[in-house]
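Tertiary structure, described
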Amino acid sequence: MKTLKQIKIGKSATVVKLHGEGAIKRRIMDMGITKGVKITVRRVAPLGDPIEVNVRGYELSLRKADADMIEVE
């Protein structure tokens, strides 16, 4: 299982599955991250948190913990 947290800067991946429960999963889905969507990692902060991604044409910053719940291929 590969997660969004493991994707290198400048690389893209497709969401396969969202892990997590209830409000956390709903918040990730409300940000536009759903199954089948393509995500490109733009930047990672010096200490690794947060991660800036491009999804559905806009920039989004995610915490490492949230990125670790997004399974990609």
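See the structure above.
Attention in this report is confined to the structure presented alongside it. What you are looking at is a predicted structure, and each value in this text was computed from that prediction instead of being measured.

**Observations concerning the overall build of the protein**
Along the protein, the regular secondary structure elements total two helices and six strands. Its helices and strands in sequence order give the protein the pattern β-β-α-β-β-β-α-β, from N to C terminus. Rg of the C-alpha trace for the protein: 11 Å, near the compact-globule value of 11 Å for 73 residues, within the 12% margin. Projected onto the principal axes, the alpha-carbon positions of the protein cover approximately 30 × 25 × 20 Å. Counting the 73 residues in the protein, one finds 36% classified as buried. A sequence separation of at least 24 residues applies to 56% of the contacts in the protein between residues at least 6 apart.

**Considering the sheet that holds strand S2 (residues 12-18)**
Spatially, S1-S6-S2-S3-S4-S5 is the arrangement adopted by the six strands of the open sheet, whose pairing is antiparallel. Each end of this open sheet is capped by a strand with a single partner; those strands are strand S1 (2-3) and strand S5 (58-62). In the sheet, strand S3 (residues 38-44) pairs with strand S4 (residues 51-55) via five bridges, with the strands oriented antiparallel. By the bridge assignment for S4, Ile-39 is matched with Val-55.

Cut-offs applied
- Numbers given for residues are sequential positions, taken from 1 along each chain in its written order.
- Where local features are concerned, this predicted model is filtered to residues with pLDDT of at least 70; where side-chain atom pairs are given and counted, the filter is 80 or more; whole-chain, interface and lining totals use all residues.
- Side-chain measures were taken over the full set of non-hydrogen atoms in the model, leaving aside hydrogen atoms and water.
- Helix numbering and strand numbering both begin at the N terminus, where a helix is a DSSP run of H or I of at least 4 residues and a strand a DSSP run of E of at least 2.
- In this description the radius of gyration comes from C-alpha coordinates, and the expected globular size is given by 2.2 Å times residues to the power 0.38.
- Only protein chains enter the accessibility calculation, which uses a 1.4 Å probe; a residue is then buried when its area is under 20% of its type maximum, exposed when over 50%, and partly exposed in between.
- What makes two residues a contact is simply this: any of their non-hydrogen atoms within 4.5 Å.
- In this scheme, strands are said to pair when DSSP sees at least two bridges between them.

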